[in-house]
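So you can see what is in the structure, the chains are spelled out below.
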Amino acid sequence: MTLYLVENLGIAVFAITGVLAVRQQGVDVFGAVVLGVVTAIGGGTIRDTLLGIPIYWVRDFTYAWSAIGAALLAFFLVKRLQHTYQWLLYLDGLGAALFGITAAEKLLSLHFSEPVAVLMGLLTSIGGGIMRDTLAGRPSLLMSRELYATPILLGCTVYVVTGHFMNNFLSGLLAMTCAFGLRATAIYRHLEMPVWLSTQAESE
Amino acid sequence: MTLYLVENLGIAVFAITGVLAVRQQGVDVFGAVVLGVVTAIGGGTIRDTLLGIPIYWVRDFTYAWSAIGAALLAFFLVKRLQHTYQWLLYLDGLGAALFGITAAEKLLSLHFSEPVAVLMGLLTSIGGGIMRDTLAGRPSLLMSRELYATPILLGCTVYVVTGHFMNNFLSGLLAMTCAFGLRATAIYRHLEMPVWLSTQAESE
Amino acid sequence: MTLYLVENLGIAVFAITGVLAVRQQGVDVFGAVVLGVVTAIGGGTIRDTLLGIPIYWVRDFTYAWSAIGAALLAFFLVKRLQHTYQWLLYLDGLGAALFGITAAEKLLSLHFSEPVAVLMGLLTSIGGGIMRDTLAGRPSLLMSRELYATPILLGCTVYVVTGHFMNNFLSGLLAMTCAFGLRATAIYRHLEMPVWLSTQAESE
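Each chain carries its own residue numbering, running from 1 in the written order of its sequence. Chains carry letters from A onward and ligands carry numbers from 1 onward, assigned in written order. Totals for whole chains, interfaces and linings use every residue, but because this is a predicted model, local features are given only for residues with pLDDT of at least 70 and side-chain atom pairs only at 80 or more, for both listing and counting. Water and hydrogen atoms were dropped before computing side-chain values, which therefore reflect all heavy atoms in the structure.

Asks: Account for the interface of chain B and chain C, naming residues and giving values.
Replies: In this complex, chain B contributes 23 residues to the contact, which on the side of chain C involves 29 residues. Buried surface area refers to the total accessible area, computed with a probe of radius 1.4 Å, that the two partners give up upon joining, counted for both partners together. With both chains or domains summed, chain B and chain C bury close to 2200 Å², and 72% of this area falls on carbon and sulfur atoms. Of all residues in chain B, the largest losses of buried area upon contact with chain C belong to Gln24, Asp28 and Phe30 of chain B, amounting jointly to 27% of the total for that side. By salt bridge we mean one thing: a side-chain nitrogen of Lys or Arg within 4 Å of a carboxyl oxygen of Asp or Glu. Where chain B meets chain C, there are zero salt bridges. In this description, contact between two residues means that some pair of their heavy atoms is separated by no more than 4.5 Å.

Asks: Kindly report on the UniProt feature "transmembrane region" (unreviewed entry) in chain A, identifying the contributing residues and their values.
Replies: All names here are of chain A. UniProt positions are given in the numbering used here, feature names are shortened, and annotations may be inferred rather than shown by experiment. In this structure's numbering, the residues bearing the UniProt feature "transmembrane region" (unreviewed entry) are residues 6-22, 29-46, 61-78, 87-104 and 147-166. In this text, helices come from DSSP runs of H or I with a minimum length of four residues, and strands from runs of E with a minimum of two, each type numbered from the N-terminal end. The span residues 61-78 is 89% helical and 0% strand by assignment, and the distance between its end C-alpha atoms comes to 25 Å. Helix makes up 70% of residues 147-166 and strand makes up 0%, while its end C-alpha atoms are separated by 28 Å.

Asks: Before we move on, can you summarise the pattern of salt bridges with the specific residues and values?
Replies: Taken as a whole and judged by the stated rule, the model has 18 salt bridges over all chains. Its salt-bridge partner being arginine 145 of chain B, residue glutamate 192 of chain B comes within 3.8 Å of it at the nearest N-O pair. With glutamate 192 of chain B in the segment after α9 (168-189) and arginine 145 of chain B in the loop between α7 (114-136) and α8 (149-162), this pair connects stretches of sequence that are 47 residues apart. For every residue, the accessible area (1.4 Å probe, protein chains only) is compared with the maximum for its type, and the residue is labelled buried under 20%, exposed over 50%, or partly exposed between those bounds. Among the residues examined, arginine 145 of chain B registers a relative accessible area of 22% and is labelled partly exposed. When the shortest N-O distance is used, the salt bridge between aspartate 48 of chain C and arginine 47 of chain C registers 2.9 Å. Taking the relative accessible area as the measure of exposure, arginine 47 of chain C reaches 7% and is therefore buried. Salt bridges here are not isolated pairs; linked through shared partners, they connect Arg47, Asp48 and Lys106 of chain A.

Asks: Could you give me a rundown of the interface of chain B and chain A, with the residues and numbers involved?
Replies: The partner chain A presents 23 residues to the 30 residues of chain B that form the contact. Summed over both sides, the interface of chain B with chain A buries roughly 2300 Å², with 72% coming from carbon and sulfur. The three residues of chain B that bury the most area against chain A are Leu142, Met143 and Thr199 of chain B, which together make up 30% of that side's buried surface. Seen at the junction of chain B and chain A, the total is zero salt bridges. Polar contacts, as used here, are pairs of N or O atoms within 3.5 Å; protein pairs need one atom able to donate a hydrogen and one able to accept it. Residues neighboring in sequence count only if both atoms are side-chain atoms. Our count for the chain B to chain A interface comes out at zero residue pairs in polar contact (both at pLDDT 80 or more). Of all elements in the fold, only α2 (29-51), α7 and α8 of chain B reach the threshold of two or more residues within the side of chain B that touches chain A. Looking at the side of chain B that touches chain A element by element, the count peaks at eight residues for α7 of chain B. Of the residues assigned to the side of chain B that touches chain A, the class counts are 18 nonpolar, eight polar and four charged. In this classification, Asp, Glu, Lys and Arg are treated as charged, Ala, Val, Leu, Ile, Met, Phe, Trp, Tyr, Cys and Pro as nonpolar, and every other residue, Gly included, as polar.

Laid out in structure tokens, this is it:
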């Protein structure tokens, strides 16, 4: 029950940050809501499709309502939400970590292999944002040096590896701490991927 | 039988408008045909994939032939079709409304919930065009204020809601009238989404 | 066993060319590896998803490791690989032909229709590269006049058609010769799609 609430809250946060991300480009309410909803439920949709299991929001449309409602709200309250954007970034990081790790957990419980669990956790977490950016013609996080996906990858890996020694709750907590800790530090200190792990754009 | 013909005609119209949409960008016949075919059958493909049912054109390749044939025709007759572009816009609007509403009907008959039926109707109708624009690097309708998707959303909603009071044929007719009426008016009068339902692109 | 090795080698080559294709845009190791992996396994992933069969790298993660390992290697050895880029182009063409034709073979053996086998062979072969370019915001091969997809289309068609007269091995060999022969000629002679099969980009 608590998890259900938290999941819907996470979806709502994703939908809100999704709308805020595209509002500067001049969109109408339809485009903004679609892109917000894609941000929120896109990653899980790709995951369920790839795994050949029923899409979670098709089975329970509450998730989709959370996304649609939050996106609508964000569109109309967009001016007021600007002040809270920095704060939303942290919430978004928390949501992304939570999404990734619970997805990894779900996959392990469905007896998928551990590497698949890590990969799908990552995809669940970042897939929606990448879809939004691709649809909106914006450079996605794949083309930036921001530390957004790496914390999730770390968290999912920690979860799967420590699951061998600890109980579920402890390894989940540890994974969340690692993922959110790294992401929060990256937001606070404007950390980027180090230069030796990046290539320079070439002027052609 | 009539529906089958109409469906294939709708696919052909979508493929033609798809080719016309990308021809100004300098493509070869392969790219143009692929993008035309994606426009025509992309939306239904996403829908069937998400629902975990066999893709309609894999089961019956006639649909794909209609798309391929029409796209090839459009590529080679492209000069002549320019004159009929305005006329094709109306046909496209009619096809989009038909696709969306018949998809919603199909989903209700497969016992999916009503919101899922509306959403999937919308996706069937606009998904192909969005895929084409994303693949072609063009801004998609999500980033414009054109009234293209809203009529479909209206039509599918009307269909699902009035289905409670009317027989199937009447509610379908009413839904088509609403969807195509709004779209045709939008084309004729160059209607756009009102300003209060849009954000301005910010100069950065 | 030999096929298994060759498949993994093909995936590795695709991952390497995928990383090389995006490195000039300024990416970090995470983005580069994701885009390399998408290039390598994206096409087969779309194919399996559309056909509703389990994704091949979910069943056997070795394929994914080949892609991840090769992409990582390519990222760190990128300077040295520049010299071999021309050579890699031929390998890539060979891999693309092999992927397409083995996919077509697999589909025929699963009793899909011949046009579906050709289409899915083509999609397996070029889908990953198109996904990479779309995600990276680059114009994909759909928007170029390069002879990349046409040889695959030719090869898959030859395979399916000659399968009626010849045994599997002979028609596969003939198809590979046609596909790779055309592609290699195109690379060597910088062949493009002829003008009458292309439209000009219009200055607007």
